[in-house]
Amino acid sequence: MNVLAILMIGGVLAVPGVALVALRWASHRGELNLPERAALLPFDEEEPVGRATDQILNRQSAES
Amino acid sequence: MSASSQTFSALLPGDVSDDSSKRALLAEIDASCRVPVLFFVISGLLWLLAGTALALVASIKLHSPGFLASWEFLTFGRVRPAHLNTVIYGFASQTGIGVTLWLMCRLCRVPFVAPGLATVAAIFWNIGLTVGVVGILIGDSTSIEWLELPRYCTPILFFSYALVAVWAIITFRLRREQHLYVSQWYLLAAILWFPWLYATAQIMLLIEPVRGVVQAAVNWWFAHNVLGLWFTPIGLASIYYFIPKVIGRPIHSYYLSVLGFWSLALFYNWNGLHHLIGGPMPAWMITVSIVASVMMLIPVTTVAINHHMTMWGHFGKLKHSPTLRFVVVGALCYTATSLQGIANSLRSYSEVVHFTHHTIAHAHLGLYGFFAMVMFGSLYYIIPRITQREWPSLGLISLHFWACFLGLALYVVPLSLGGILQGLAMNDASVPFLKVVEGTLPWLKLRTFAGLLLGLGHVAFVGNLVWLLARVFGPYRKPVVAILMGAETAAVVGK
Amino acid sequence: MKYGPLLFLGILFTLASSWVGLVLAPKQQLGGLVPNVSTNALGAVVLYPQARKGEAQQGEEHYRSLGCVYCHSQQVRPEGFGSDITRGWGKRRTVSRDYLYDKPVMLGTSRTGPDLTNIGERQSDSGWHFAHLYNPQITSKGSVMPPYPFLFQLRKIGPGGASTNALKLSGEFAVAEGWEVVPKDSARQLVEYLRSLKTSVDLPEAPLPKVQEGAAK
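Residues numbered from 1 in each chain as written. Chains lettered and ligands numbered in written order. Predicted model: local features only at pLDDT ≥ 70, side-chain atom pairs only at ≥ 80, totals over all residues.

Asks: Quick question: what am I supposed to make of the overall build of chain B here?
Replies: Of the regular secondary structure elements, chain B holds 19 helices and zero strands. In terms of C-alpha radius of gyration, chain B reaches 23 Å, essentially the compact-globule figure of 23 Å for 495 residues. Projected onto its principal axes, the C-alpha coordinates of chain B cover approximately 75 × 50 × 45 Å. Out of the 495 residues in chain B, the part that is buried amounts to 56%. Contacts spanning at least 24 positions in sequence make up 82% of the contacts within chain B whose residues lie at least 6 apart. (Helix = DSSP H or I, 4+ residues; strand = E, 2+ residues; numbered from the N terminus. Rg over C-alpha atoms; globule rule 2.2 N^0.38 Å. Buried ≥ 20, exposed ≤ 12 C-beta atoms within 10 Å, placed from the backbone. Contact = placed C-beta atoms within 7 Å.)

Asks: Sorry, what's going on with the nonpolar core here?
Replies: One recurring pattern in soluble globular proteins is that nonpolar side chains are buried together. By size, the foremost hydrophobic cluster in this structure holds 201 residues, and its most contacted members are Ala190 and Ala217 of chain B. With 23 residues, the single largest contributor to this core is helix α9 (residues 214-247) of chain B. With sequence-adjacent residues up to four places away left out, Ala217 of chain B is seen in contact with Leu273, Met281 and Met285 of chain B together with Leu22, Val23 and Pro26 of chain C. (Core = buried A, V, L, I, M, F, W, Y, C linked by C-beta atoms within 7 Å.)

Asks: Looking at this structure, I do not really get helix α7 (residues 154-173) of chain B. What am I missing?
Replies: Since there are 3.6 residues in each turn of an α-helix, residues three or four apart along the chain are aligned in direction. Residue and element names in this part refer to chain B. Its 20 residues place the ends of α7 28 Å apart at the C-alpha level, agreeing with the 28 Å of an ideal helix rising 1.5 Å per residue. Looking only at α7, the buried set comprises Thr154, Leu157, Ser160, Tyr161, Val164, Trp167, Ala168, Thr171 and Phe172. In a view along the axis of α7, the buried residues occupy a sector of 140 degrees, so they form one face of it. (Expected span 1.5 Å × (residues − 1). Arc of directions from axis to C-beta.)

Asks: Is there a simple way to think about unusual backbone geometry in this case?
Replies: It is generally the case that most residues other than glycine have a negative phi and that most peptide bonds are trans. Tyr48 of chain C connects to Pro49 of chain C through a cis peptide bond whose omega is -5 degrees. The linkage connecting Lys103 of chain C with the following residue, Pro104 of chain C, adopts the cis geometry, with an omega of -10 degrees. Take Pro104 of chain C: it is sitting in the loop between α2 (54-65) and α3 (119-122). Positive phi values are uncommon outside glycine, yet Asp54 of chain A reaches one of about 60 degrees. Mapping Asp54 of chain A onto the fold places it in the segment after α1 (3-28). The class of Asp54 of chain A is buried, set by 23 C-beta atoms lying within 10 Å. Within the chain, Arg109 of chain B stands out as a residue other than glycine whose phi angle is a positive 60 degrees. Its location among the elements puts Arg109 of chain B in the loop between α5 (76-108) and α6 (115-140).

So this is what it looks like as structure tokens:
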């Protein structure tokens, strides 16, 4: 058994272990409560939901 | 909880809370991105032109081997890696970084932090790449696919990349919008994954090469992950931002996007060794990659359903928005190329198509159809906003779109088919090898024609951009107007 | 729902998993591979594979530099998987050990041209290789392989008469009277490398087919 093998076995055990701890911690802090409203993040008062942008092609009444 | 509902109220149209007043205005953010983003994007597009020229030379050589044959530096085995590296590290990576910088600023709600840092990174990136591509042409290619750039230039690229990553982490830390949108997960992941991949591959293949076929394992772990963990997340981040932004409607399901992200993160990085099916590797390595490739059905269908449902009822807007056109075609190609890739990774299918031009068609459907198209779409949105100038010619935009769309279809569909026929013929030992070669010629000639169409599209795009830039730096001072964002926003812009 | 630290850890751990699985594990399993030891008919110890030396080693550099790998694979797939063996590209599948000393390992992903794993065995005649490299149409009409005239020197025939290594060109490929085409060092080295490509050695993990008499055990 060389160092690499020990590292790998250690890694195989450690990775899911740490992942479980992290998930538990995150769920306690409420980080996993994803609200659907996060989907609104690209929008704001300047460019709210419902307003299309970049409508520049094929516009009959295009004027500057 | 209370903090999040407070921020949420700030997101509602018309509501100006304390939180939102701290956030920079879109126009302010866009203007701050101008120099570094343009630097990356313009260099990326110049590399695109160079890469297209190299691609055409390579493509012609494959059906007319006598073409430019007397110059050693233009022999097929050098032009092809030179093409790959210019489009991967020159065009796709730099344009991708440009788009990433802008998206990060916008979603973090901060004006560009340390533009000098990013610009220095871009300068070094281009120096490193120029040295490397010249190196390939004069014979210093490593012949390790996706990692052909010679050893003496890759540290420069890595250093320059590290600057970009540092920039991204600073921006991320300084963000004024605490909540993260799905695009930011993908961008952050790409930015952290790439240096790990690149460092591993450089150390284990170029600096202190491992022995024997371990090289092949590292090579394909790296090469496939450049696609899966660098380009794919940047492309998906753009799609997740631009489709909702252009049509003015939030993404269909935020939960699906979470599922899509984490399943991609879990499975994609195990895919690489399906490139070695039938090769001299222990079977478990290949099998594990095949399993992971099939698992990619989860992120791919999730993302496809999510994007399609978001677009549902808004397909009419494709007529008006160049960004939407390119991005939606890119999203469709992502689904198509992923499904094709899953098929390619199955042993029975791979037995036929593995060593054929089918693979080349597949790679272009992914990198061009998906990634490049999404980048083009993103640039149509970003450039007018950071320069405060309209696109001078709508005709050139249409030309760009249709030339690339047709070129792409003519490239991918026939060559995929031709590749299957080539593979079937090759697996039939009674067909002499030269007959197999002869059978590929019509497809290869069609490919050159398709390449010309793509080149035409690129020239139209770059021409339009040069025209636009001439208005930025020239006497023409007409600012951005209503047509840019849709007539109804004229009042906002004109204030 | 700030998600930042969780995201960061997730990004780290997902890639770490395949880094362990597809980078470290192969290195662990295959990194310690050693050449196969056998004795030949005379009782001498034979090692396979052996590191390339001299011209063949220099030729490998040309093979890399000229990008031959983009059209030629160097791997034989197992019997019944594709037609590699029936086409005569090898007597047995190739295995990890065959590539122990290749720098770099050039397995290839494309067969625009035929597989070259055993080209040294299939075509050992240097003259054929020189003609083929100078212009593939001489030996393989209809090939899409590019000619490599820059690996050869076109020179006036000296007073001592034509060189012994001059290419025998006739018909449409002939050069002007009084001139000759001779391979440069690079062409010679490349051909030596190609002639060194052979894997028909019996290995415990990949035995040669039984009909093959005289295989050393």
